[in-house]
Amino acid sequence: MIVDWAIYRAGHRTEGPEDLSDALDTARAEGDAFVWIGLNEPTEQEFDLVSSEFGLHPLAVEDALKAHQRPKLEVYDDSLFMVLKPVCYEPESDVVTAGEVMVFVGDSFVVTVRHGESSPLAAVRRRLEADPESLRRGPTTVLYSIADATVDHYLEVATELGADLEELEAEVFSPSVGGSRHTASRIYAFKRQVMEFRRATGPLAVPLTRLAGTGATGTAVPFVNAAAQPFFRDVNDHLARVNESVEGLDRLVSDILSAHLAQMSVRQNDDMRKISAWAAMAAVPTLIAGIYGMNFDHMPELHWLWSYPAVVLGMVTLEILLYRLFKRRGWL
């Protein structure tokens, strides 16, 4: 469905014709105006009108309808198509959810399509409408503002993930709960969230590099004002920081998982040593009792009055010696 649309003249929102085609013609005729249409999870029938009026490429329209796209930038004859994946992190449940924002930029128009709840579009539109000087620069400003808002939120999510990872690290090395199975499941779940975050941030580097004019060719992208390249370079720098943070988080959580598994292995070895020590201590009296429990007449000291106390004393003495030996070696 169409959430919002308007004609922006010289940086100010104005009312225009009800018909989208007439609105676009008006914006193109005036020169300093453009149409901005925002849609939220449109159906094919709802999007047909917009795509036909603005001449959007069928392949880009298909991607915008189906969603589940990687961040990318594609240039067609009549428009520019960019996909971004805003993310939202819920610290209570430790879940990273990613939405999708598709942006069509053409001659005097911007069409944005939103999928999911994680979207900066409403906030971007309000901020730009309050800043006519920025909005005066046209559709390029809208594209830059959406990318900038998305990447800035990446930085916030990366900071929150880093804080939660520190808590998880403290839990792993805690002597009380570090070896629990619950901890292992939390580490694995956290690694999955980092991977989900990485799917949103990693592929976006190539589109922003092209928009910044620092790619292989270094040429300006059609439908994007060349004067905006320094702004896109700034966004690209922020994204590079985010990707470095994500790489660091991924390596650190892998190291924490390895440390946790090593801790559990060490604790299992300690448990096995304790079990072995107690079993050895139990074997000595069992051996002596087993020998003297056999029904033979001719055994040493079998009929001696002090045989029973001597055997018990010998058992106790051997148990004390074994206990001190194992305790000194750290097995108990």
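Residues numbered from 1 in each chain as written. Predicted model: local features only at pLDDT ≥ 70, side-chain atom pairs only at ≥ 80, totals over all residues. Heavy atoms only, no water.

A. How the structure looks around the overall build of the protein chain. Of the regular secondary structure elements, the protein chain holds 10 helices and nine strands. The buried share of the protein chain, taken over its 332 residues, is 41%. Contacts in the protein chain between residues far apart in sequence, at least 24 positions, make up 66% of those at least 6 positions apart. Surface summary for the protein chain: the accessible area is close to 17800 Å², and the carbon and sulfur share equals 56%. (Helix = DSSP H or I, 4+ residues; strand = E, 2+ residues; numbered from the N terminus. Buried < 20%, exposed > 50% of the residue type's maximum accessible area, 1.4 Å probe, protein only. Contact = heavy atoms within 4.5 Å. Areas by Shrake-Rupley, 256 points an atom, 1.4 Å probe, with all protein chains shown as cover.)

B. Representation of a nonpolar patch on the surface within the structure. Taken together, the side chains of Val-312, Val-316 and Ile-320 define a hydrophobic patch exposed on the protein surface, amounting to about 220 Å² of accessible area. For Val-316, the position within the fold is in helix α10 (residues 307–328). (Patch = residues over 30% accessible without salt bridge, like charges linked within 9 Å, V, L, I, M, F, W, Y side chains within 5 Å. Salt bridge = Lys/Arg side-chain N within 4 Å of Asp/Glu carboxyl O.)

C. Up close: the sheet that holds strand β5 (residues 79–84). Ordered in space as β2-β1-β3-β9-β8-β5-β4, the seven strands form an open sheet in which the pairing is mixed. Across the chains shown, the open sheet's two edge strands, defined by having one partner strand only, are β2 (12–14) and β4 (72–75). Strand-to-strand twist of the sheet, defined as the mean angle between neighbouring strand axes without regard to direction, takes the value 20°. In the sheet, strand β1 (residues 2–9) pairs with strand β3 (residues 33–40) via seven bridges, with the strands oriented antiparallel. Paired with Trp-5 across the bridge in β3 is Ile-37. Across the sheet, helix α4 (residues 121–129) is in contact with β1, β2, β3, β8 (100–106) and β9 (109–115); its angle to β3 comes to roughly 155°. Helix α6 (residues 139–172) contacts β3, β5, β8 and β9 of the sheet and is inclined by roughly 160° relative to β8. (Pairing = 2+ DSSP bridges. Axes fitted to C-alpha atoms, helices over the stretch in contact; angles between N-to-C directions.)

D. Here's a closer look at the nonpolar core. With 54 residues, the main nonpolar core has Leu-143, Tyr-154, Phe-197, Leu-208, Leu-211 and Phe-232 as its most contacted residues. Looking at this core, the element that brings in the most residues is α6, giving 15 residues. Formed by 25 residues, the second largest nonpolar core is a distinct cluster that contains Leu-24, Tyr-76, Phe-104 and Val-113. (Core = buried A, V, L, I, M, F, W, Y, C linked by side-chain atoms within 4.5 Å.)

E. Here's a closer look at the pattern of salt bridges. Counting across every chain of the model gives 14 salt bridges. Across the salt bridge formed by Arg-9 and Glu-30, the nearest N and O atoms sit 2.7 Å from each other. Taken together, the residues Arg-9 in strand β1 and Glu-30 in helix α1 (residues 20–30) connect sequence positions 21 residues apart. On the accessibility criterion, Arg-9 (22% relative accessible area) is partly exposed. Since its relative accessible area comes to 36%, Glu-30 is described here as partly exposed. Put simply, Asp-250 and Lys-191 hold a salt bridge, and the shortest N to O gap is 3.1 Å. Here Lys-191 lies in helix α7 (residues 181–201) and Asp-250 lies in helix α9 (residues 229–292), a separation of 59 residues in the sequence. Of the residues examined, Asp-250 reaches a relative accessible area of 16% and is grouped as buried. One continuous salt-bridge network, built from bridges that share partners, spans Asp-4, Arg-13, Arg-125 and Glu-129.

F. Highlighting α1. Buried residues of α1: Leu-20, Ala-23, Leu-24 and Ala-27, and no others. Along α1, the residues classed as buried sweep out an arc of 95° about the axis, all on the same side. Considering only its buried residues, α1 is in contact with β1, β3, α2 (44–54) and β9. Downstream of α1 by one or two residues, Gly-31 has phi in the positive range, about 90°. (Arc of directions from axis to C-beta.)

G. Quick look at the packing of α1 against α2. Axis separation between α1 and α2 bottoms out at 9 Å; the angle between their running directions is 35°. Handedness of the crossing formed by α1 with α2: right-handed. Judged by residue contacts, Leu-20, Ser-21 and Leu-24 of α1 engage Leu-49, Val-50, Glu-53 and Phe-54 from α2. A breakdown of the residues in the contact of α1 with α2 according to their chemical character gives five nonpolar, one polar and one charged. (Left-handed = near helix turned anticlockwise from the far one by under 90°. Nonpolar A, V, L, I, M, F, W, Y, C, P; charged D, E, K, R; others polar.)

H. Main features of the pairing of β4. By the bridge criterion, four bridges tie β4 to β5 in an arrangement that is antiparallel. Its bridge partner lying in β5, Glu-74 is registered against Phe-81. Counted along the chain from β4 to the antiparallel partner β5, the turn is three residues long.

I. Here's a closer look at the packing of aromatic side chains. Summed over all chains, the structure comprises eight aromatic pairs. For the pair Phe-81 and Phe-104, a centre-to-centre distance of 4.7 Å together with 40° between the ring planes defines the contact as tilted. Pair noted here: Phe-81 is in strand β5 and Phe-104 is in strand β8, with a separation of 23 residues, a long-range link. The pair formed by Phe-81 and Phe-104 is uniform in burial state, with each residue classed as buried. With 5.8 Å between their ring centres and 75° between their planes, Tyr-154 and Phe-197 make a pair best called edge-to-face. Separated by 43 residues along the polypeptide, Tyr-154 in helix α6 and Phe-197 in helix α7 bring together distant segments of the chain. On the basis of relative accessibility, which here comes to 0%, the residue Tyr-154 falls in the buried class. With relative accessibility at 0%, the residue Phe-197 sits in the buried group. The ring of Trp-36 is capped by Arg-125, whose NZ or CZ atom sits 4.0 Å from the centre of that ring. (Phe/Tyr/Trp six-rings, centres within 6.5 Å; stacked < 30°, edge-to-face > 60°. Lys NZ or Arg CZ within 6 Å of the ring centre and 35° of its normal.)

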